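# Examination of the molecular architecture
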Amino acid sequence: MAKARGRVIFEEDLCKGCGLCVSVCPTKIISLDNSTINAKGYHPAIVIEMDKCIGCANCAMMCPDVVITVERY
Amino acid sequence: MTVVFEKTKGLTDVQTHYCPGCTHGIVHRLVGEALEELGVLDKAIGVAPVGCAVLAYNYFNCDMHEAAHGRAPAVATGIKRVRPENFVFTYQGDGDLASIGTAEIVHVAHRGEKISTIFINNAIYGMTGGQMAPTTLIGQKATTAPLGRDEAHSGKPIKMSELLATIDGAKFVERVTVTTPGHVRKAKKAIKECFKLQIEGKGFGIVEVLSTCPTNWGLTPEESLRWLEENMIPYYPLGSFKRPKEDD
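The structure reproduced in this document is the subject of the present report. Bear in mind that the values here come from a model prediction, so they are computed numbers and not experimental data.

Cut-offs and rules
Residues numbered from 1 in each chain as written. Chains lettered and ligands numbered in written order. Predicted model: local features only at pLDDT ≥ 70, side-chain atom pairs only at ≥ 80, totals over all residues. Heavy atoms only, no water. Contact = heavy atoms within 4.5 Å. Buried area = accessible area lost by both parts, 1.4 Å probe. Salt bridge = Lys/Arg side-chain N within 4 Å of Asp/Glu carboxyl O. Polar contact = N/O pair within 3.5 Å; in protein donor to acceptor, adjacent residues only side chain to side chain. Helix = DSSP H or I, 4+ residues; strand = E, 2+ residues; numbered from the N terminus. Nonpolar A, V, L, I, M, F, W, Y, C, P; charged D, E, K, R; others polar. Pairing = 2+ DSSP bridges. 1 Å grid on protein atoms, 1.4 Å probe; cavity = no way out; pocket = protein on both sides within 12 Å on 5 of 7 lines; lining within 4 Å. Points joined across faces, edges and corners; volume = space filled by probe spheres on them. Axes fitted to C-alpha atoms, helices over the stretch in contact; angles between N-to-C directions. Buried < 20%, exposed > 50% of the residue type's maximum accessible area, 1.4 Å probe, protein only.

## Considerations on the interface of chain B and chain A
Listed as interface residues are 28 residues of chain B and, on the opposing side, 25 residues of chain A. For the chain B and chain A pair, buried surface summed over both sides reaches about 2200 Å², with 64% attributable to carbon and sulfur atoms. The interface formed by chain B and chain A contains zero salt bridges. At the surface where chain B touches chain A, the tally comes to nine residue pairs in polar contact (both at pLDDT 80 or more). Considering every element that reaches the side of chain B that touches chain A, the biggest residue donor is strand β1 (residues 2-5) of chain B, with four residues. In the side of chain B that touches chain A, the residues fall into 15 nonpolar, eight polar and five charged. Both strand β4 (residues 68-72) of chain A and β1(B) contribute to a ladder of three bridges, which runs antiparallel. By the bridge assignment, V70(A) is partnered in β1(B) with F5(B).

This is how it looks when you write it as structure tokens:
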């Protein structure tokens, strides 16, 4: 069976850097970008290895600011 | 490619003022999704409380009303009686519902008003800076209980869901939390069922959501979720306390 693949899109400037998405990602691909400060003054959540995303939407379930869109293909 | 998750139409594009990691945002989203999925967004009227969620009228994409502290159920009663065709809900915190507004919520349940209430219990007064609430746990520190809540002085934390479940007019009472994606999904299911009850005209429903307050608890957002699971859930057990009976 083909492995479920997904893609997450973060609206980085709306992220408050709380890290709840980081804590629930089963593939551990989300991190807070300590080299960036977004428009709100926080280190936003980013995904570097997007090809490992399975599109489970756990991150979106926990995001208090609803900045995440999840696609699956 | 399919979009499996995107922001609900039940919320506006206004950025919330909540602290990072505050679970108010998650519950707002669940309420917005429930309103949208049940098709009542166009006729929903929400009543915002006093407390951290005082600005909720900016965030829900439906008509909203602001109430005096604790009086959201009374205001909602008026709205629902004048406009019974509308869907009316209140969104209240523990300082609002379990302290100054205890009389209103008890009597709205007692009268069996056909409204729905979302009750956010984070065991502390958030907006005013972390004072002890009626729901603060024994031993939990607050700015007005620097050594922790003392049972001999302040009594035990009030269990609103258990209390309201004893009232005949309350037809749906459930306590949920939002500490994991699984719990978030269960919370959404409870909120939708509670809202359906009103749509079917069956009476008063309330969903209590155990929530976090990272800022006033002095913990990180993730630590707060674990603290909630370890300390609040043992005292405030999750689950359904009341469902409508068949003859309701």
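Still more to cover.
## Brief notes about empty space enclosed by the protein
Counting across every chain of the model gives three cavities of 30 Å³ or more. In this structure, the largest cavity encloses a volume near 170 Å³. Considering the residues around the largest cavity, the lining is formed by 16 residues, among which D65(A), K7(B), V14(B), Q15(B) and T16(B) are closest to the centre. For the lining of the largest cavity, the residue count by class is six nonpolar, five polar and five charged.

## A short note on the sheet that holds strand β5 (residues 116-121) of chain B
All names here are of chain B. Strand order in the open sheet formed by seven strands is β3-β2-β4-β5-β7-β6-β8, with mixed pairing between adjacent strands. The sheet terminates laterally at β3 (63-66) and β8 (239-242), the two strands that pair on one side only. With strand direction ignored, the average angle separating the axes of adjacent strands in the sheet is 20 degrees. Across the sheet, helix α1 (residues 24-37) touches β2 (44-48), β4 (87-93), β5 and β7 (204-210), and the angle it forms with β4 is around 175 degrees. Contacts between helix α4 (residues 102-110) and the sheet are confined to β4, β5, β6 (170-177) and β7, with β7 contributing the most and set at about 140 degrees to the helix.

## Some words on the sheet that holds β1(B)
Strands sit in the order β1(A)-β4(A)-β1(B) across an open sheet of three strands; the sheet is antiparallel. Every interior strand has two partners, whereas the edge strands, β1 (6-10) of chain A together with β1 of chain B, have only one. Pairs of neighbouring strands in the sheet enclose a mean axial angle of 30 degrees, with direction left out of account. Pairing between β1(A) and β4(A): five bridges, direction antiparallel. The partner of R7(A) across the bridge, within β4(A), is E71(A).

## Notes on the side chain of Q198(B)
Residue and element names in this part refer to chain B. If you trace the backbone, Q198 turns up in helix α7 (residues 181-199). Only 2.8 Å separates the side chain of Q198 from the backbone nitrogen of V88, close enough to count as a polar contact. A distance of 2.8 Å separates a polar atom in the side chain of Q198 from a polar atom in the side chain of S116. The contacts of Q198, once residues within four sequence positions are left out, are K80, N86, F87, V88, K114, I115 and S116.

## With respect to the pattern of salt bridges
Any two side chains of opposite charge can pair, given that their charged atoms come close. Residue and element names in this part refer to chain B. Taken as a whole, this structure holds 18 salt bridges over all chains when the rule is applied. Measuring nitrogen to oxygen at the nearest pair gives 3.0 Å for the salt bridge that ties R29 to E33. With R29 and E33 both in helix α1, this residue pair falls four residues apart, about one helical turn. Classification of R29 as buried rests on a relative accessible area of 0%. A relative accessible area of 7% places E33 in the buried class. Between E193 and R243 there is a salt bridge, with its nearest N and O atoms 2.8 Å apart. Residue E193 is found in helix α7, and its partner R243 is found in the segment after β8; the two are separated by 50 residues along the sequence. By relative accessible area, E193 is classed as partly exposed at 28%. On the basis of relative accessibility, which here comes to 35%, the residue R243 falls in the partly exposed class. Here the salt bridges share partners, and the residues they tie into one network are R29, E33, E37, K188 and K192.

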